[in-house]
Amino acid sequence: MTTAAKRPTIRTLEDFLIRQAELLDRRNWDEWMELFADDGVYWMPLKEEQQDPENYPSIFFEDKALMTARVSRLRDTNAWGQQPVTRTVHLVGNVRLDGADARDGEIVVRSNFTMAEFRRDVLRHHAGTYTHHLRRVRGGFKIAMQRVDLINADGLHEYNLQVFF
């Protein structure tokens, strides 16, 4: 099989990213978490130029255990921060295949997103870029790393960022 034949189509990648967004918007945390590899990480750096999530401050740098803990807080009916529950709508676009690393088999996909978040009668808009490192698995992909670069990551935020982007 040639390298070109191994490359996923943009449509396949878009479908995966759109599915991820739908799961977040429906608060379907279990299925969303299943998209991540067992060693997968969710990372939101504080600065766009940041390349190291472990030695510099990040907004989020979570493995599956930390993501599971955050999901538990989001589900907790007594959690003040989710009274009322946050509602979101994600839009994903400009999906492009950035490359494939033959050494580890990961596919790098970049895309842009906007997310509207509504809570306590306040509508907030977020925007930025995603970088997904995807691993092929039978029937699709698993997320090895999802990097979320907010365009205003280093800005002031009126509320704590609680939901997944």
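The present account deals with the structure reproduced in this document. Remember, it's a predicted structure, so these values are computed and weren't measured experimentally. (Residues numbered from 1 in each chain as written. Predicted model: local features only at pLDDT ≥ 70, side-chain atom pairs only at ≥ 80, totals over all residues. Heavy atoms only, no water.)

1. Quick word on unusual backbone geometry
Heads up, the condition is: A run of DSSP states H or I qualifies as a helix once it reaches four residues; a run of E qualifies as a strand once it reaches two. Both are numbered from the N-terminal end.
A positive phi is found at Arg27, a non-glycine position, where the angle reads about 60°. Along the polypeptide, Arg27 turns up in the loop between helix H2 (10-25) and helix H3 (29-34). Its identity as a non-glycine residue notwithstanding, Asn94 has a phi of 50°, on the positive side. Within the secondary structure, Asn94 sits in strand E3 (residues 87-100).

2. Side note on the packing of aromatic side chains
The description of an aromatic ring pair uses the distance of the two centres, along with the angle that the planes make with each other. So the rule is basically this: Any pair of Phe, Tyr and Trp rings, taking the six-membered ring for Trp, is counted once the centres come within 6.5 Å. Such a pair is stacked with planes under 30 degrees apart, edge-to-face with planes over 60 apart, and tilted for the rest. Burial classes: relative accessible area under 20% of the type maximum marks a residue as buried, over 50% as exposed, and values in between as partly exposed (1.4 Å probe, protein chains only). Note on geometry: a ring has a charge over it if NZ (lysine) or CZ (arginine) is within 6 Å of the ring centre and within 35 degrees of the ring normal.
Counted under the stated rule, the structure contains six aromatic pairs. Ring geometry for Trp32 and Phe36: centres 5.0 Å apart, planes at 70°, overall edge-to-face. When its relative accessible area of 0% is taken as the criterion, Trp32 is described as buried. You can call Phe36 buried: its relative accessible area is 1%. One aromatic cluster is present, formed by Trp32, Phe36, Tyr42 and Phe60 through successive ring pairs. Above the ring of Phe60, the side-chain terminus of Arg70 is found at 3.7 Å from the ring centroid. If you follow Arg147 out to its NZ or CZ, it ends over the ring of Trp43, 4.5 Å from the centre.

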